[in-house]
Amino acid sequence: MIAFLLREGWRNFSRLGIIGLLSLASLTITLSLVGLAARGYCLVEDWKAGILGRFEIEAFLAAEVDSSMAMEMAREIEGMKDVDHVSYVSKELAARRFRAQFGDDLFDLLEYNPLPSSLVVILKGDADPLKSWRRSSEAIAAIPGVDDVVYEGDLLAKVDRFYRTTGLGVGIAVGLTLIVSLVLTMMSVRSVIRSRKEFIQIVSLSGGTNFMARGPFVVLGGYYGFVSGLIAAGIVLLIDWIVKFAWGLKPSMMLWWIPAFLVCGVCIGMIGAGWAAQRQIREYERRAV
Amino acid sequence: MGLLKLLNVTFQYNGGGRSGVYGVSFSVEPGEFILIVGKTGAGKTTLFKLISLEIAPTAGEIILNDFRSRELKPKLLPQWRRRLGVVYQDFRLLRDRSALDNVRLAAACERNLSGRPKARALKVLARVGLSHKIHSRPDQLSAGEQQRAVIARALVNEPFLLLADEPVSNLDRETAAGIVELLQKVNQSGTATLVATHQPERFESCKSRMIKLQDGRLVEP
């Protein structure tokens, strides 16, 4: 049965007309766009992780907290779910950093070090930006000995908003191109079925099942998807390679993308063709009676 | 019990432009050769479409072996059709494939017979005398050869009943005689044969029963 379906599907595919080429082109464009969108999303993810990695929560400690107590508090904070690591900034280290940045004027004027000691907390890159930062800062603020907790909430919210908006936009664009591609595949397969009406009649009247009449057209969609997936994988990998080369990054071929494209293409092709075949064959059956 | 029974079968086309069939009843016994005779438009093709359930009766019932058309579930329709072999008036050979591939396509629809579809197709093509033309496409075959290919396609799944719709109407006398002889041989091998024709004189050599159809109704021959 599989040999029959593959042979008959290939027979249809080998007679690719203009509408077939249109379907092939649309599927290729769709898969390329989906691939580029996925690649872009990965880049945004990397960028987000890089940006968030630079943010820090600074917990200023009360004056009575000495270094051993601070280390104890640091261990407690490091045990929290979203925390990557904690570093202790003593009063002296804070003063040295202040002097390096602003000079000695303040200390000369006050004649003592007014800067508090603090714990600098870095969260994990994959943590949900807004929720985990708020949750962690609240938990840190509740630890006895912590005077104040500071982090860049507004900037984080902007990064998060940009990330979500980009994700939504990409999702909508991918969804729309998928729908357009499915419709074009359906139209293409329906036109093939119309031109192969006699095949369906012969199979049906020779005692072939509905699956045997419909199957070759579903396989035809699979062939469309396979070829489109192969071309699209080539396009996306080439663009990815060019972009990386232009930015001076080390070019790498993500070979696992090729089977992903093929599976995606075959699924879209077969689903579109399956719908088309079902509708068209039902229409013939209705007309017959 | 008969192989095929039509019980008061009626079919009326929508719109009423084409004549249907009305209250037709007859039966076919195993191994019988029956001529359905009538002028063009008498309802012969409609009758064959009804027997192959290409169209469903609007009234009455068709019984094929132990299957009843009224109770037949859609998933059993292929089994009904595998018991029939149909020879169409307009051949309906697929132009883009050879005689062998045309027959092989029908053979692939029946998986319960022994032998691979290709082997069965080759065997039946030899039986109808087309061994030398298996790789020829329909446009490379004469009308008689096309008819033989169609008969081979109808026989490849070893049907109980062969339906032949005007099998000699487009053929010259000599070619027609060859097709009649072939249909006789098929019948003598045990396959019940139902032939629709408006030229019954061409089947004079056959031991056959005649059923006459006029304006969709059976009349006395």
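Refer to the structure above for everything that follows.
Here's what I pulled together on the structure shown here. (Residues numbered from 1 in each chain as written. Chains lettered and ligands numbered in written order. Predicted model: local features only at pLDDT ≥ 70, side-chain atom pairs only at ≥ 80, totals over all residues. Heavy atoms only, no water.)

### Observations regarding the environment of Arg 279 of chain A
Residue and element names in this part refer to chain A. Short version of the rule: The secondary structure listing takes helices from DSSP runs of H or I that are at least 4 residues long and strands from runs of E that are at least 2 residues long, numbered from the N terminus. Any two residues whose heavy atoms approach within 4.5 Å at even a single point are treated as in contact.
Inspection of the secondary structure puts Arg 279 in helix α10 (residues 257-288). Note: C-alpha distance between Arg 279 and Arg 190 (89 residues apart in sequence) is 8.5 Å. Excluding its chain neighbours within four sequence positions, the residues that come into contact with Arg 279 are Met 186 and Arg 190.

### A word on the pattern of salt bridges
Short version of the rule: Take a side-chain nitrogen of Lys or Arg and a carboxyl oxygen of Asp or Glu: if they are within 4 Å of each other, that pair is a salt bridge. Relative accessibility decides the category of a residue: with a 1.4 Å probe and only protein chains considered, values under 20% of the type maximum give buried, values over 50% give exposed, and everything between is partly exposed.
Under the definition given, this model contains 14 salt bridges over all chains. In this structure, the salt-bridge partner of Lys 44 of chain B is Glu 166 of chain B, at a minimum N-O distance of 3.5 Å. A residue pair is termed long-range when its members are at least 10 positions apart, and Lys 44 of chain B in helix α1 (residues 44-51) and Glu 166 of chain B in the loop between β7 (161-165) and α6 (173-188) qualify at 122 residues. Of the two residues examined, Lys 44 of chain B and Glu 166 of chain B, each falls in the buried class. Between Lys 133 of chain B and Glu 145 of chain B there is a salt bridge, and its shortest N-O distance comes to 3.4 Å. Remark: Glu 145 of chain B occurs in helix α5 (residues 143-155) and Lys 133 of chain B occurs in the loop between α4 (117-127) and α5; sequence separation between them is 12 residues. Classification of Lys 133 of chain B as partly exposed rests on a relative accessible area of 21%. Residues participating in the shared-partner salt-bridge network are Glu 8 and Arg 11 of chain A together with Asp 96, Arg 97, Asp 101 and Arg 104 of chain B.

### Regarding the sheet that holds strand β2 (residues 21-28) of chain B
Residue and element names in this part refer to chain B. We apply this condition: For two strands to pair, DSSP has to find at least two bridges joining them. Axis definition: a line fitted to C-alpha atoms, limited for helices to the stretch in contact. Angles are taken between N-to-C directions and run from 0 to 180 degrees.
In space, the 4 strands of this open sheet follow the order β2-β1-β4-β5, with antiparallel pairing throughout. Both outer strands of the open sheet, β2 and β5 (67-68), are each paired with one neighbouring strand and no more. Bridge count between strand β1 (residues 4-11) and β2: 5 bridges; the pairing is antiparallel. Among the inter-strand pairings, Leu 4 is bridged to a residue of β2, identified as Val 28. Helix-sheet contacts for α1 involve β1, β2 and β4 (59-64), and the interaxial angle to β1 is about 120°.

### With respect to the sheet that holds strand β2 (residues 83-89) of chain A
Residues and elements named next belong to chain A. The strand order across the open sheet formed by 4 strands is β2-β3-β1-β4, and the pairing between neighbours is antiparallel. Each edge of the open sheet carries a strand with a single partner, namely β2 and β4 (146-150). Here the average twist between neighbouring strands, direction ignored, is 20°. Pairing analysis gives 6 bridges linking β2 to strand β3 (residues 118-123), with the strands arranged antiparallel. By the bridge assignment for β3, His 85 is matched with Ile 122.

### A few points about the interface of chain B and chain A
So the rule is basically this: What counts as buried area is the accessible surface, traced by a 1.4 Å probe, that two parts surrender upon association, with contributions from both included. In the analysis that follows, any N or O atom pair within 3.5 Å is treated as a polar contact, provided that within protein one partner can donate a hydrogen and the other can accept it, and provided that, for residues neighboring in sequence, both atoms belong to side chains. Gly counts as polar in this scheme, as do all residues outside two lists: the nonpolar Ala, Val, Leu, Ile, Met, Phe, Trp, Tyr, Cys and Pro, and the charged Asp, Glu, Lys and Arg.
Contacts between chain B and chain A engage 23 residues on the former and 21 residues on the latter. Interface area for chain B against chain A, summed over the two sides, is near 2000 Å², with a carbon-plus-sulfur share of 55%. At the surface where chain B touches chain A, the tally comes to 2 salt bridges. Among the ionic pairs, Arg 11 of chain A bridges to Asp 101 of chain B, the shortest N-O distance being 3.1 Å. Scanning the region where chain B abuts chain A turns up 5 residue pairs in polar contact (both at pLDDT 80 or more). For the side of chain B that touches chain A, the secondary structure elements donating two or more residues are α2 (77-82) and α3 (99-107) of chain B. Examining the composition of the side of chain B that touches chain A, we find that 4 residues originate from one element, α3 of chain B, more than from any other. Considered class by class, the residues forming the side of chain B that touches chain A number 10 nonpolar, 3 polar and 10 charged.

### As for helix α9 (residues 210-246) of chain A
Residues and elements named next belong to chain A. Basically, it comes down to this: A helix is expected to span 1.5 Å for every residue after the first. Fitting axes to the seven residues ending at a residue and to the seven starting there, one defines the bend at that residue as the angle between these axes.
Taking 1.5 Å of rise per residue, 37 residues should cover 54 Å, and α9 covers 53 Å from first to last C-alpha, within 8% of that figure. The largest bend in α9 amounts to roughly 25° and is located at Pro 216. At the exit of α9 stands Gly 248, carrying a positive phi of roughly 75°.

### Regarding the nonpolar core
The line we're drawing: Residues enter a nonpolar core if they are buried and are Ala, Val, Leu, Ile, Met, Phe, Trp, Tyr or Cys, with the set joined through side-chain atoms within 4.5 Å.
Ranked by internal contacts, the top residues of the largest apolar core, which has 73 residues, are Leu 4, Leu 6, Phe 26, Leu 47, Ile 51, Leu 161 and Leu 194 of chain B. Among the elements that line this core, the one with the most residues is α9 of chain A, at 11 residues. Leaving out residues up to four positions away in the same chain, Phe 26 of chain B has contacts with Leu 4, Lys 5, Leu 6, Ile 36, Leu 47, Leu 194, Ile 211 and Leu 218 of chain B. Counting 38 residues, the second largest nonpolar core, distinct from the first, contains Ala 106, Ala 154, Leu 183 and Val 195 of chain B.

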